[in-house]
Amino acid sequence: MAGGRKFTRNNSSSQQLPERGPVESLIYWRDVKKSGIVFGAGLVTLLAISCFSVISVFAYLSLLLLAGTIAFRIYKSVMQAIQKTSDGHPFKEYLDIDLTLSQEKIQNIAGVAVAHINGFTAELRRLFLVEDLVDSIKFGVILWVMTYIGAWFNGMTLVILAFVSLFTLPKVYENNKQSIDTYLDLARSKVAEVTEKIKAAIPIGNKKPIADETDKDK
């Protein structure tokens, strides 16, 4: 009976694991220890970069990592000599990992990057050249708000806030999904309603092409 319960629990967990990738598992705090280490190390690094130069932070962190690996390597060598064991290199597991990128993988990454860049530039062109007046006005409002945000925070502060939000907002949303979705749907409906009213009130973009009007007159 106990064995059956154990099998059922493992089976359910094995079905849940593939739902998210490693990045999603970190930001959703599936493993609190791993997420805490990544979040803490990342936040400390960003805070250090905000106070010191990137080169200094990179050099000090690299020295700290190197000192730790050298100390651990010496410790394991001494313990192997005392215990007369032949465990081999303590980092052999990581040294055997293949870090090379295949040509196919590089092409896939480049293809995804090019697709995103093309879509981004096309959207900017559409907004700046006023293909849709309402969308361009909304874009202008966002830019206007960003001028105030830039006056309140510098770029590094925004990066730190974005990093903290990455590790907090997804989990908050997951725990309060139903209520948040309700408010989001309400906000979307209000925005869509206001947008439709603005489009109906603004004659620009609502006129039909001249060719169609002449065809109707004929």
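Quick caveat, the model's predicted, so the values are computed rather than measured.

A. Up close: the overall build of the protein. Within the protein one finds 10 helices and 0 strands. Looking at the 218 residues of the protein, the share that counts as buried comes to 9%. When contacts within the protein are restricted to residue pairs at least 6 apart in sequence, long-range pairs at least 24 apart make up 48% of them.

B. Main features of the pattern of salt bridges. A full pass over the atoms with the stated rule returns 9 salt bridges. Notably, a salt bridge pairs Asp 135 with Arg 126, separated by 3.0 Å at the nearest N-O pair. When the shortest N-O distance is used, the salt bridge between Lys 177 and Asp 181 registers 3.0 Å. Of this pair, Lys 177 and Asp 181 both sit in helix 9 (residues 177-201), 4 residues apart, roughly one helical turn. Through salt bridges with shared partners, a single network forms among Glu 123, Arg 126, Asp 135 and Lys 138.

C. Spatial organisation of helix 4 (residues 54-83). With 30 residues, helix 4 should cover 44 Å at 1.5 Å per step; its first-to-last C-alpha distance of 43 Å lies within 8% of that length. In the segment just after helix 4, Lys 84 is the residue with positive phi, at about 55°.

D. Molecular detail of the environment of Phe 139. By secondary structure assignment, the location of Phe 139 is in helix 7 (residues 133-152). By relative accessible area, which is 18% here, Phe 139 ends up buried. Taking the C-alpha atoms as reference, Phe 139 lies 8.8 Å from Phe 128; in sequence the two are 11 residues apart.

E. Geometry of the nonpolar core. Core analysis: the biggest nonpolar cluster contains 7 residues, these being Ile 27, Tyr 28, Phe 39, Leu 46, Ile 160, Phe 163 and Phe 167. The set of elements that each furnish at least two residues to this core consists of helix 3 (32-51) and helix 8 (155-175). Among the elements that line this core, the one with the most residues is helix 8, at 3 residues. Look past the residues within four positions of Ile 160 in its chain and what remains in contact with it is Leu 43, Leu 46, Leu 47 and Ser 50.

F. Quick peek at the packing of helix 8 against helix 9. Between helix 8 and helix 9, the shortest axis-to-axis distance is 5 Å and the interhelical angle comes to 95°. In terms of axis orientation, helix 8 runs roughly perpendicular to helix 9. The residues of helix 9 that touch helix 8, namely those facing Val 172, Tyr 173, Glu 174 and Asn 175, are Lys 177, Ile 180 and Asp 181. A per-class count over the contact of helix 8 with helix 9 returns 3 nonpolar, 1 polar and 3 charged.

G. View of a nonpolar patch on the surface. Among the surface-exposed residues, Ile 137, Val 141, Trp 144, Val 145, Tyr 148, Trp 152, Phe 153, Leu 158 and Leu 161 lie close enough to one another that they form a single nonpolar patch of about 890 Å² accessible area. Considering every element that reaches the nonpolar patch, the biggest residue donor is helix 7, with 6 residues. Among the structural elements, Trp 144 can be located in helix 7.

H. Here's a closer look at the UniProt feature "transmembrane region" (unreviewed entry) in the protein. As recorded in UniProt, the sites labelled "transmembrane region" (unreviewed entry) are residues 37-70 and 141-169. As a span, residues 37-70 carries 94% helix and 0% strand, and end to end its C-alpha atoms are 21 Å apart. Along residues 141-169 the backbone is 93% helical and 0% strand, and the end-to-end C-alpha distance reaches 24 Å.

I. Structural context of the side chain of Ser 35. Here Ser 35 shows up in helix 3. What Ser 35 contacts, discounting residues up to four positions off in sequence, is Ser 25, Leu 26, Trp 29, Arg 30 and Phe 167.

Calculation notes
- Residues numbered from 1 in each chain as written.
- Predicted model: local features only at pLDDT ≥ 70, side-chain atom pairs only at ≥ 80, totals over all residues.
- Heavy atoms only, no water.
- Helix = DSSP H or I, 4+ residues; strand = E, 2+ residues; numbered from the N terminus.
- Buried < 20%, exposed > 50% of the residue type's maximum accessible area, 1.4 Å probe, protein only.
- Contact = heavy atoms within 4.5 Å.
- Salt bridge = Lys/Arg side-chain N within 4 Å of Asp/Glu carboxyl O.
- Expected span 1.5 Å × (residues − 1).
- Core = buried A, V, L, I, M, F, W, Y, C linked by side-chain atoms within 4.5 Å.
- Axes fitted to C-alpha atoms, helices over the stretch in contact; angles between N-to-C directions.
- Parallel < 35°, antiparallel > 145°, perpendicular 65-115°, else oblique.
- Nonpolar A, V, L, I, M, F, W, Y, C, P; charged D, E, K, R; others polar.
- Patch = residues over 30% accessible without salt bridge, like charges linked within 9 Å, V, L, I, M, F, W, Y side chains within 5 Å.
- Areas by Shrake-Rupley, 256 points an atom, 1.4 Å probe, with all protein chains shown as cover.
- UniProt positions renumbered as here; feature names shortened; annotations may be inferred.

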